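Here is how the chains run, residue by residue.
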Amino acid sequence: MIKNFMMIALAVVSVAGSPALAGVTDRTADFKVAEGFKLEHLHKVTKEQGSWVAMTVDGKGRLIAADQYGGLFRITPPPLDGGDANVEALDIPVGGAHGLLWNKGTLYIAVNEKGKPEKFAVDRGVWMVKEEGDGWGEPKLAMPIKTGGEHGIHSMVPSLDGEWIYLVTGNFAQVPDIVDSFPAKVWEEDQLLPRNTDGNGHAANVMAPAGWVGRFKPDGSNWELVSIGQRNTYGIAFHDSGELISYDADMEWDFGMPWYRPTRICHIVPGGELGWRNGSGKWPEYYEDSMAPLLNIGPGSPTGVLAGRGFKAPAKYQQAIYAYDWTFATIYAIHLQPDGASFKATKAEFVAGAGLPVTDGVVGQDGAMYFATGGRRGESNLWRVVYIGSESTAPQPAKFEKNETRSKLAGFIESPETAELDFIYENLGSSERTLRFMARAAIERLPDTKWASRLEKEDDAWTVIIGSMALARLDAENHRKFVLDSLLGIDWETLTTHQKLNWLRALGLVFIRDEAPSDEERAKILAKIDSHYPSSERFLNFELARMLCYLQAPDVVSRTLKLMDEAPAEEPEPWQELVERNSGYGRKIDEVMKNHPPTTQIHYLYCLRAVKGPWKQGERRRAFNWFREIDSRSGGASYAKTIAKIRQQIYDNGTEQEKVEFAADAKAPPKKAAPLPPVQGPGREWTVDEVVKTVDVDLSGRDKKNGQAMFEASLCATCHKFGDLGGAQGPDLTNLAGRFTAKDLAESIIHPSDVISDQYEFTKFETNDGGVIVGRILNEQDEILSLAINPFNYEQRMELSRADIKSEAPSTVSPMPPGMINRLNPEELKDLFGYLLAK
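Residues numbered from 1 in each chain as written. Predicted model: local features only at pLDDT ≥ 70, side-chain atom pairs only at ≥ 80, totals over all residues. Heavy atoms only, no water.

Draft legend 1. Focus on the overall build of the protein. What the protein contains, in helices and strands, is 20 helices and 36 strands. Whereas a compact globule of 839 residues would reach a radius of gyration of roughly 28 Å, the protein reaches 27 Å, a difference of no more than 12%. In terms of overall dimensions, the protein has a C-alpha envelope of 75 × 65 × 60 Å along the principal axes. Looking at the 839 residues of the protein, the share that counts as buried comes to 62%. Across the protein, every contact between residues at least 6 apart in sequence was considered, and the portion connecting residues at least 24 apart equals 67%. Summed over its atoms, the accessible surface of the protein is roughly 33100 Å², and 49% of this surface lies on carbon and sulfur atoms. Averaging the locations of the 93 positively and 117 negatively charged side chains of the protein gives two centres separated by 2 Å. (Helix = DSSP H or I, 4+ residues; strand = E, 2+ residues; numbered from the N terminus. Rg over C-alpha atoms; globule rule 2.2 N^0.38 Å. Buried < 20%, exposed > 50% of the residue type's maximum accessible area, 1.4 Å probe, protein only. Contact = heavy atoms within 4.5 Å. Areas by Shrake-Rupley, 256 points an atom, 1.4 Å probe, with all protein chains shown as cover. Lys, Arg positive; Asp, Glu negative; His and termini not counted. Charge placed at Lys NZ, Arg CZ, Asp CG, Glu CD.)

Draft legend 2. Quick peek at helix H9 (residues 556-566). For H9, the complete set of buried residues consists of Val556, Val557, Arg559, Thr560, Leu561, Leu563 and Met564. On the buried face of H9, the contacting elements are helix H8 (538-550), helix H12 (599-608) and helix H13 (619-631).

Draft legend 3. Just the environment of valine 483, in detail. Within the secondary structure, valine 483 is located in helix H5 (residues 461-488). With relative accessibility at 1%, the residue valine 483 sits in the buried group. Taking C-alpha positions, valine 483 is 10.0 Å from alanine 470, a pair spaced 13 residues apart along the chain. Non-local contacts of valine 483, meaning those with residues more than four positions away in its chain, are made with Ser468, Leu471 and Val510.

Draft legend 4. Region of interest: the environment of valine 57. Tracing the chain through its elements places valine 57 in strand S4 (residues 52-57). Along the chain, valine 57 and aspartate 590 lie 533 residues apart, while their C-alpha atoms are 39 Å from each other. Leaving out residues up to four positions away in the same chain, valine 57 has contacts with Arg62, Leu63, Trp102, Val362, Val363, Gly364 and Gln365.

Draft legend 5. Geometry of the sheet that holds strand S1 (residues 25-26). With antiparallel pairing, the five strands of this open sheet are ordered in space as S1-S3-S29-S28-S27. The sheet terminates laterally at S1 and strand S27 (358-363), the two strands that pair on one side only. Sheet topology note: the S27/strand S28 (residues 369-373) ladder contains five bridges and is antiparallel. Across the sheet, the residue bridging to valine 358 is threonine 373, located in S28. (Pairing = 2+ DSSP bridges.)

Draft legend 6. Region of the structure containing the sheet that holds strand S32 (residues 763-767). With antiparallel pairing, five strands are arranged side by side in an open sheet as S35-S34-S33-S32-S36. Because the sheet does not close on itself, it has two edges, and the strands there are strand S35 (797-801) and strand S36 (805-810). On average, each strand axis in the sheet is inclined to that of its neighbour by 45°, with strand direction left out of account. (Axes fitted to C-alpha atoms, helices over the stretch in contact; angles between N-to-C directions.)

Draft legend 7. View of the nonpolar core. Within the largest apolar cluster, 107 residues are counted, with the highest numbers of intra-cluster contacts made by Tyr166, Ile465, Trp503, Ile529 and Leu605. Considering every element that reaches this core, the biggest residue donor is H5, with 14 residues. Once residues lying within four places of it in the same chain are set aside, the contact partners of isoleucine 529 are Trp492, Trp503, Leu504, Leu544, Met547 and Leu548. Grouped together as the second largest cluster of nonpolar side chains are 29 residues, Val688, Ala713, Ile749 and Ile750 included. (Core = buried A, V, L, I, M, F, W, Y, C linked by side-chain atoms within 4.5 Å.)

Draft legend 8. How the structure looks around the pattern of salt bridges. Per the counting criterion, the structure on display carries 49 salt bridges. Lysine 217 is paired through a salt bridge with glutamate 163; the nearest N and O atoms lie 3.5 Å apart. Placement of lysine 217 in the loop between strand S16 (211-216) and strand S17 (224-230) and of glutamate 163 in the loop between strand S13 (153-158) and strand S14 (165-169) is noted, with a sequence separation of 54 residues between them. According to the relative accessible area criterion, lysine 217 is partly exposed, its value standing at 24%. Of the charged contacts, one joins glutamate 414 and arginine 215 as a salt bridge, the two residues approaching to 3.7 Å between their closest N and O atoms. (Salt bridge = Lys/Arg side-chain N within 4 Å of Asp/Glu carboxyl O.)

Draft legend 9. Structural detail: a positive patch on the surface. The grouping of Lys114, Lys116, Arg124 and Arg377 at the surface amounts to a positive patch. Looking at where lysine 114 falls in the secondary structure, it is placed in the loop between strand S9 (106-111) and strand S10 (125-132). (Patch = residues over 30% accessible without salt bridge, like charges linked within 9 Å, V, L, I, M, F, W, Y side chains within 5 Å.)

Draft legend 10. Representation of the packing of aromatic side chains within the structure. A full pass over the atoms with the stated rule returns 33 aromatic pairs. Summarising the aromatic geometry, the rings of tryptophan 259 and tyrosine 606 are spaced 5.3 Å apart at their centres and angled 55° between planes, so their arrangement reads as tilted. With tryptophan 259 in the loop between strand S19 (244-248) and strand S20 (263-268) and tyrosine 606 in helix H12, the pair connects residues that are 347 residues apart, well separated along the chain. Across the pair, tyrosine 606 and tryptophan 259 agree in class, each one buried. In this structure an aromatic cluster arises from ring pairing among Phe37, Phe311, Tyr317, Tyr322, Phe350 and Tyr387. The ring of tryptophan 283 has arginine 277 sitting right over it, with the charged end atom 4.2 Å from the ring centre. (Phe/Tyr/Trp six-rings, centres within 6.5 Å; stacked < 30°, edge-to-face > 60°. Lys NZ or Arg CZ within 6 Å of the ring centre and 35° of its normal.)

Draft legend 11. Quick peek at unusual backbone geometry. Cis rather than trans, the peptide bond between tyrosine 533 and proline 534 has omega equal to 5°. In this structure, proline 534 sits in the loop between helix H7 (519-529) and H8. The residue after glycine 613, namely proline 614, is reached through a cis peptide bond having omega 5°. Of note, proline 614 is situated in the loop between H12 and H13. Positive phi outside glycine occurs at leucine 715, with the angle close to 70°. Structurally, leucine 715 can be placed in the loop between helix H17 (704-713) and helix H18 (716-719). With phi around 65°, glutamate 783 is a residue other than glycine that occupies positive phi space. When you line up the elements, glutamate 783 lands in the loop between strand S33 (772-781) and strand S34 (784-788). The exposure class assigned to glutamate 783 is partly exposed, which follows from its relative accessible area of 48%.

Draft legend 12. Main features of the side chain of histidine 239. Along the chain, the position of histidine 239 falls in the loop between strand S18 (236-238) and S19. A distance of 3.0 Å separates a polar atom in the side chain of histidine 239 from a polar atom in the side chain of serine 241. Residues contacting histidine 239, with those up to four places away along its chain left out, are Leu160, Ile245, Arg309, Gln319, Ile321, Leu336, Phe343, Ala398 and Phe400. (Polar contact = N/O pair within 3.5 Å; in protein donor to acceptor, adjacent residues only side chain to side chain.)

Put into structure tokens, the structure is as follows:
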């Protein structure tokens, strides 16, 4: 997740206090650096050079870096014994890159933004430019991709055999016209209960397949879809074993919700699925129609990922995967150990410290690690890590015994015409989850008529469960009776907890992909599982509640309310050290940790909202009473609106009599609207230069209380959160101090449309009758869009049918109007800036 501060959300590294900005400066003492390594500052990127977010190494050992919104630059790094970095602009008319790869004389450029100035503005997609002597050939668009913003197309890496280039994207990048897809093209949201979109409308219309990994030949041909279901993976890297590793993003607005997924290290396999879905629909890790993460890290903003091959360092660092976190200024060393067909992963902080918003990195030909900091037009810097310890740095790639079963299944997924059906079918029941997943991915690439009948006499539980998932996904209508009979034929008592979870998942897929159960089917299912709820296992209760509420099981409400009453208190995640590294953004996490919501009870209420009335006497009152506790807790930016939606849905499923009785409970506790603080004025039409000149004084002694009053009076608090104050329609401003200059802040206030984050942008719709509507998509159901049309009040909405839309595109005008500070006099302006920029 990439955080947003105002509409430009800069990531600024402070190098104040360093002995010099030119030449090599040892900054090891200023940050947390792994023992035996030295951290050097090499170059402060100039304003003309932009803010670097992608890097690669050319054939002569020089670095190439991309300005997020501008052009490309080549850097000759200083020798390891000192000197100056030489930076030159490349004469390549392609800009706005999020990913770079130099490979065998060709530079691949993943263009994700509209480059500026105009000479860099090219179509989004993957571009190729060949080296020609000392210059470059004509850029060629290898694949146009509909993308944009910070959840678009990102980095590229070559496969270890050099046969393929792999590209990773976020969930806003659409899958282009491809030759083949390793995941069977049957992806859906797959929600048994109605899914709620994000409370603030983020990614409201972004559905499966979400973020994806694709690959293509080095000549730009033969595009294939490898894996799907990511949120916003910026970087990928091939481990020495030949397996692909990624670092996927969380959704920070989900803090405190049962479906929150932390940033995570993942194993990308052919046909892979990582289970990101819209809004409240993220799949739990235990669903076997997705791959489980190798390692959950916590909150953060994943950016670059690289392998340690070529790093002149001790063996464990050569063999590591390095995962970059922008928000918490950390480079993690990820150490992998074989675990059957996959890995066990552990992490260690390699380089960390406030002031290092890391974006991307490479291992240079000189054996040093180079990385950039910056992004979002913020101050950018180039850094180097070198080993100065005494251990051997001789090349020592990791030695992994090839997993033949995994390799064969991968081959069958990629080339189904070579598939050995017996081998695939056998591995549906493997004792290893990775092999079960890959066997299902492989068998879904084959006609179901070749293998479906085998399940009729199957008595292996895993084979029946995984095979049933595949048949439900491929053709639930035609295989419905057969799959239900197969699942109901398994003895529930003999299943492990994990098998029970996925028995319920397979059953649910039948109803999701086809129709709700008949009365006869419902009776058989209830006879099988109803008496086992509640169980002694938390997550099994989660899935039993989901299924039984869907089935409207007798007494499911009373049993669920009892579980809610008896659930033990939940311990917050151990993220305190991360919180302390970023006092601004970390403050919100600290609030959640100290005042953590009862996620177990929220999950059960989420299930109960599906149970239609009438409920028994007192049950609906008990359910609504839980909201008093939940409303008092802290969560992410969407927490309050998401909880309000669940509350409303519980009310909506009541009988008319219950609706009359609980009308007052349907609404969230009202927030008393206080009058705006007075402004003394007189104001003026402030310019950036006038603001900078006015506030270019010591602001530490300014009246912070009046600064807060001006924050409210200028309507900033309507949309922006600062500490405990404000709304969530715009970026959180808590973390401005130390990351923004007064000029940065002035530019974003006075010219808010210069940079608009995709997380907060509105959409411009041209209707068939020639009209224009601008609004924020909050929800979409049955081709009807619900739009917020007032940026200061998301409750002011309208509906728009897709049938009435001629075209749609991101609005180039910020929802934030210019001139918000024009009522303030100079002293009031100083108080406002003193408040916002106070450390």
